[in-house]
Structure formats: C-alpha cells, structure tokens
Amino acid sequence: MIGCSIGINMMKSGDLYGLAFTVLFNVAPLFLLYRIVVNRDSSNNSYGLWICGILGQMCVLSYYRHNNVEGVFNYINSILGLLLNSMMVIMIYVYRRQK
C-alpha cells in the first residue's frame, strides 16, 4: 500500500488526468465495436462520423509533430483513437446489412 501511494505522489496530477483521459476516451468505442460484432449489424452507424474521427486524429498527430509537442499520453491517445476509428469503419463495412 505504501509503494502505491509513493508512486501516485511521484506522478504529476496532470499525468494522472492524461492517463484517465486516454483510457476513458479510447474505451468508449470498444462498447460500440462489441455491440456491432455481437449483433452482426452496423446499420445505425455513420461512416462519416468515424471517417471524421480518423481525419481529426491525423490532424492532431500532425499538430503535435509540427509544434514539437511532448507527452506520451498525447501520442498514445491519438494513435489509439486512429486505430479504433479505423476499426469502426471496417466493422461498419463488414456488418452493414445489404438491402
């Protein structure tokens, strides 16, 4: 227990918020991906929404690179978001019911 509190005290509060944001922001699409796969249906999902997410994550990564932004959570969040958004577009395509 003491080791845990020492580790948390050594971590900056900004890092803790960054970690929480990264985890929560990237867990949210997993629920929808799970539902699409289980139900084998993606008819209530929009390609445009997730493609805009992909483009947004690419713009954020370009912004970080252009402005020499440091911080591992920034890059982890954007790369995970890019991967999850790409997976969502693929799952929408795979499970879209043909009319």
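Scroll up a little and you will see the structure.
Quick caveat: nothing in here was measured; it's all calculated off a predicted structure.

**Q** I would appreciate a short explanation of the overall build of the protein in the present structure.
**A** For the protein, the helix and strand inventory stands at four helices and zero strands. Mapped from its N terminus to its C terminus, the protein presents α and β elements in the order α-α-α-α. Within the protein, the fraction of its 99 residues that count as buried is 21%. Within the protein, residue pairs in contact and separated by at least 24 positions form 76% of the contacts whose partners lie at least 6 positions apart.

**Q** Looking at this structure, I do not really get helix α3 (residues 47–66). What am I missing?
**A** Residues spaced three or four apart along an α-helix face the same direction, because each turn holds 3.6 residues. Under the 1.5 Å per step criterion, the end-to-end length of α3 is 28 Å for 20 residues, consistent within 8% with the ideal 28 Å. For α3, the complete set of buried residues consists of W50, I54, Q57 and Y64. Along the axis of α3, the buried residues cluster in a sector spanning 90°; they form a single face. Those residues of α3 that are exposed and aimed more than 90 degrees away from the buried face are C52, C59 and H66. Measuring from the backbone nitrogen of G48 back to the side-chain oxygen at the start of α3 gives 3.2 Å, which picks out S46 as the cap.

**Q** Looking at this structure, how should I read the packing of aromatic side chains?
**A** Here the distance between the centres and the angle between the planes together describe a pair of aromatic rings. A complete count under the given rule lists three aromatic pairs for this structure. On the numbers, 5.1 Å between centres and 20° between planes, the contact of F21 with F25 is stacked. You can see F21 and its partner F25 sitting in helix α2 (residues 13–39), four residues apart, about one turn around the helix. Under the relative-accessibility criterion, F25 is labelled partly exposed at 40%. Consider the rings of Y64 and Y75, whose centres lie 5.3 Å apart with planes at 65°: the pair is edge-to-face. Here Y64 is found in helix α3, whereas its partner Y75 is found in helix α4 (residues 72–95), with 11 residues between them in sequence. When its relative accessible area of 13% is taken as the criterion, Y64 is described as buried.

**Q** How do you make sense of unusual backbone geometry when you look at a structure like this?
**A** Negative phi values dominate among residues other than glycine, just as trans dominates among peptide bonds. Of note, R40 is a non-glycine position whose phi angle comes to about 55°, a positive value. Among the secondary structure elements, R40 is positioned in the loop between α2 and α3. Under the relative-accessibility criterion, R40 is labelled exposed at 57%. Of note, N68 is a non-glycine position whose phi angle comes to about 50°, a positive value. The class of N68 is exposed, set by a relative accessible area of 62%.

Rules used throughout
- Each chain has its residues counted from 1, running along the sequence as written.
- Local features in this predicted model are restricted to residues whose pLDDT is 70 or higher, and side-chain atom pairs enter the listing and the counts only when it is 80 or higher, whereas totals over whole chains, interfaces and linings include all residues.
- Each side-chain value is derived from all of the structure's non-hydrogen atoms; neither hydrogens nor water enter the calculation.
- Strands are runs of DSSP state E lasting at least two residues, helices are runs of H or I lasting at least four, and both sets are numbered from the N terminus onward.
- Here's how the labels work: a residue is buried when its accessible area is under 20% of the maximum for its type, exposed when over 50%, partly exposed in between, all with a 1.4 Å probe on protein chains only.
- Contact definition: two residues touch when any of their heavy atoms are within 4.5 Å.
- One less than the residue count of a helix, multiplied by 1.5 Å, gives the span that helix is expected to have.
- Read the arc as the range of directions from the helix axis to the C-beta atoms.
- Polar contact criterion, stated in full: a pair of N or O atoms within 3.5 Å, where within protein one must be able to donate a hydrogen and the other to accept it, and residues adjacent in sequence count only if both atoms are side-chain atoms.
- Here a pair means two rings of Phe, Tyr or Trp (six-membered ring of Trp) with centres within 6.5 Å. Their orientation is stacked below 30 degrees between planes, edge-to-face above 60, and tilted elsewhere.

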